[in-house]
Amino acid sequence: MQVNRQFLDLWNVPAALADGPHGQALLEHVHAQLPEPASLKLDPRDAPAEAAILVRHDQREIEVSGREFRLQGVRAGMVYCFRDVTERERGAKLIRHQALHDGLSG
């Protein structure tokens, strides 16, 4: 498993896990930050994942999506993208609330 600096920062990965082949421990660290760890499925044998939003214990909202990685037409695994969409989701919720509620009386 290979990850980049943004992934490590997004999931607050300790330096001890960031260096070296600690794939399982890294996944356990990420799962520990989720109220529902089973919501994060990273099985390379699965079909390409649809985008999903994961909510961490600290209420940060992380969007995850995946796609197949192919070498010479042969499936070699999956590439996953994670991004913090907390502010986007909060803005969307505020707009929905304002659209459905009276500004004066709530």
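Above this text is the structure in question.
First things first, this report covers the structure right here in the doc.

About the criteria used
Every chain is numbered independently, its residues counted from 1 as its sequence is written. Confidence filtering applies because this is a predicted model: local features only for residues at pLDDT of at least 70, side-chain atom pairs given and counted only at 80 or more, and all residues used for totals across whole chains, interfaces and linings. The side-chain figures draw on all heavy atoms in the structure; neither hydrogens nor water molecules are used. A helix here means a DSSP run of H or I that spans at least four residues, while a strand means a run of E at least two residues long, and both kinds are numbered starting from the N terminus. The reference for a compact globule is 2.2 Å times residues^0.38; the radius of gyration itself is calculated from the C-alpha atoms. Burial status follows relative accessibility: with a 1.4 Å probe on protein chains alone, a residue under 20% of its type maximum counts as buried, one over 50% as exposed, and anything between as partly exposed. Only heavy atoms enter the contact rule, under which two residues are in contact if any of them lie within 4.5 Å. Here, Shrake-Rupley sampling with a 1.4 Å probe gives the accessible areas, and only protein chains in the shown set may cover a residue. Positive: Lys, Arg. Negative: Asp, Glu. His and the chain ends are not part of the count. Every charge is mapped onto a representative atom, which is NZ of Lys, CZ of Arg, CG of Asp or CD of Glu. Between N or O atoms, a polar contact is any pair within 3.5 Å; within protein, one atom must be a potential hydrogen donor and the other a potential acceptor, and residues adjacent in sequence are included only when both atoms are from side chains. For this analysis, a ring pair means two rings from Phe, Tyr or Trp (six-membered ring only for Trp) whose centres lie within 6.5 Å, classed as stacked if their planes differ by under 30 degrees, edge-to-face if by over 60, and tilted for the remaining angles. Criterion for a charge above a ring: Arg CZ or Lys NZ at most 6 Å from the ring centre, at most 35 degrees from the ring normal.

**Quick word on the overall build of the protein**
Logical step 1: Helix and strand content of the protein: four helices and three strands.
Logical step 2: Seen in sequence order, the protein has helices and strands lined up from the N terminus as α-α-α-β-β-β-α.
Logical step 3: Expected size for 106 residues packed as a compact globule is a radius of gyration near 13 Å; at 17 Å, the protein overshoots this value by more than 25%.
Logical step 4: Out of the 106 residues in the protein, the part that is buried amounts to 23%.
Logical step 5: Counting only contacts in the protein whose residues sit at least 6 apart along the sequence, the fraction spanning at least 24 positions is 35%.
Logical step 6: Only carbon and sulfur atoms are counted for the fraction: they give 54% of the accessible area of the protein, which is about 7600 Å².
Logical step 7: Looking at charge distribution, the protein has the averaged site of its 13 positive side-chain charges lying 3 Å from that of its 15 negative ones.

**Digging into the side chain of Glu-63**
Logical step 1: Structurally, Glu-63 can be placed in strand β2 (residues 61-71).
Logical step 2: With a relative accessible area of 15%, Glu-63 lands in the buried category.
Logical step 3: Among the polar contacts made by the side chain of Glu-63, one reaches the side chain of Arg-83 at a distance of 2.7 Å.
Logical step 4: Polar side-chain contacts of Glu-63 include one of 3.4 Å to the side chain of Arg-88.
Logical step 5: Once you skip the residues sitting within four places of it in the chain, Glu-63 turns out to touch Ala-51, Ala-52, Ile-53, Cys-81, Phe-82, Arg-83, Val-85 and Arg-88.

**A look at the packing of aromatic side chains**
Logical step 1: Taken as a whole and assessed by the stated rule, the structure comprises three aromatic pairs.
Logical step 2: Where Trp-11 meets Phe-82, the ring centres are 6.0 Å apart and the plane angle is 90 degrees; that geometry is what we call edge-to-face. Taken together, the positions of Trp-11 in the loop between α1 (5-10) and α2 (15-18) and Phe-82 in strand β3 (residues 74-84) put the pair 71 residues apart, joining distant regions of the chain.
Logical step 3: Grouped by ring-pair contacts, the aromatic residues Phe-7, Trp-11 and Phe-82 constitute a single cluster.
Logical step 4: Seen from the ring of Trp-11, Arg-56 lies directly overhead, with NZ or CZ sitting 5.6 Å from the centre.

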